[in-house]
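Take a look at the letters that make up each chain.
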Amino acid sequence: MGSVRRAARRLIERLAALAGLPLAAAIEPLLRRGGRRAGVVLLYHRIGERAGDPDGELNPALPARLFRAQLRHLARRYRPVPVSRLRAAATDRRPGERFPVAVSFDDDFAEHVGYALPCLRDAGLPGAFFLTGAALDGPAEFWWDTLQRAVDAGMDPAEALGGDPGGPDPRP
């Protein structure tokens, strides 16, 4: 029964995505005509050569080819600005102008340098990289990577993280 539900969910998600494209294309010009002073921040985590598995990974990678396509879309339909200029760009936006958008990356993954930065440079778009400092002394692992390995190995996630999900917080 679980596989039937997963297949039905994927079908519904695909249909919704297909229906959303024409709807978004129709709504965006109407919103643009309005005087709403708003901007958008797109937050990315992992960008990789291949797509991650959203059904099996906690933090799946977005394939670089899809990221490049998203950047082209942003350049055509929005006004890419540095994160530091987003508020001013939104405040200065006038009816009919494109909405400002900022692209940011969290958690200082190596693929940000290997994939995201070259894509941004090729597209001529700004990006902000928020660093945790966790890897200053060498390679570091985030808690969700530990959890992913545990799930992949069939372990109890709470046990893998060193705590009971119903008990006290295991963090110091």
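Residues numbered from 1 in each chain as written. Predicted model: local features only at pLDDT ≥ 70, side-chain atom pairs only at ≥ 80, totals over all residues. Heavy atoms only, no water.

Asker: Requested: an account of the environment of Phe130, with residues and values cited.
Answerer: With respect to the helices, strands and loops of the structure, Phe130 is situated in the loop between strand S6 (128–129) and helix H5 (143–152). Between the C-alpha atom of Phe130 and that of Asp107, which follows or precedes it by 23 residues, the distance is 6.4 Å. The contacts of Phe130, once residues within four sequence positions are left out, are Ser104, Phe105, Asp106, Asp107 and Asp108. (Helix = DSSP H or I, 4+ residues; strand = E, 2+ residues; numbered from the N terminus. Contact = heavy atoms within 4.5 Å.)

Asker: Summarise the nonpolar core; cite the residues concerned and give the values.
Answerer: Grouped together as the largest cluster of nonpolar side chains are 14 residues, with contacts concentrated most on Tyr44, Ile47, Phe67, Leu71, Val103, Phe105 and Leu120. At the level of secondary structure, the elements contributing two or more residues to this core comprise helix H2 (64–77), strand S5 (100–105) and helix H4 (110–123). Among all residues touching Leu71, those that are not within four sequence positions of it are Val103, Cys119, Leu120, Ala123 and Leu125. (Core = buried A, V, L, I, M, F, W, Y, C linked by side-chain atoms within 4.5 Å. Buried < 20%, exposed > 50% of the residue type's maximum accessible area, 1.4 Å probe, protein only.)

Asker: If you had to explain the packing of aromatic side chains to someone new, which residues and values would you point to?
Answerer: A ring pair, where both rings are aromatic, is described by two values, the distance of the centres and the angle of the planes. The full count for this structure, using the stated rule, is four aromatic pairs. Residues Phe67 and Phe105 carry aromatic rings whose centres are separated by 5.8 Å and whose planes lie at 75° to one another, so their mutual orientation is edge-to-face. Taken together, the residues Phe67 in helix H2 and Phe105 in strand S5 connect sequence positions 38 residues apart. A relative accessible area of 0% means that Phe67 is categorised as buried. Between Phe105 and Phe129 the ring centres are 4.7 Å apart and the planes differ by 10°, which places this aromatic pair in the stacked class. Note that Phe105 is positioned in strand S5 and Phe129 in strand S6, a separation of 24 residues in sequence. The exposure class of Phe105 is buried, given its relative accessible area of 0%. (Phe/Tyr/Trp six-rings, centres within 6.5 Å; stacked < 30°, edge-to-face > 60°.)

Asker: Provide a residue-level description of H4, including the pertinent values.
Answerer: Here H4 spans 20 Å end to end across 14 residues, near enough to the 20 Å set by a 1.5 Å rise per residue. Along its length, H4 reaches its greatest deviation from straightness, about 35°, at Ala116, and the proline Pro118 lies no more than four positions downstream. All of the buried residues in H4 are Glu111, His112, Ala116, Cys119 and Leu120. Packed against the buried residues of H4 are strand S2 (47–48), H2, S5 and S6. Phi turns positive, to about 70°, at Gly124, one or two residues after H4. (Expected span 1.5 Å × (residues − 1). Bend = angle between axes of the 7 residues up to and from the residue.)

Asker: Which residues make up H5, and what values go with them?
Answerer: Looking only at H5, the buried set comprises Trp144, Leu147, Gln148 and Ala150. Buried residues of H5 fall within an arc of 165° about the axis and therefore sit on the same side. In the stretch just after H5, Gly154 is the one whose phi turns positive, near 80°. (Arc of directions from axis to C-beta.)

Asker: Please set out the environment of His112 residue by residue, giving values where relevant.
Answerer: Checked against the element boundaries, His112 lands in helix H4. Using a relative accessible area of 3% as the deciding quantity, one classes His112 as buried. Those residues in contact with His112, other than ones at most four positions away along the chain, are His45, Phe105, Asp106, Leu117, Pro118 and Phe129. Of note is the side chain of His112, whose polar atom sits 2.5 Å from the backbone oxygen of His45. (Polar contact = N/O pair within 3.5 Å; in protein donor to acceptor, adjacent residues only side chain to side chain.)

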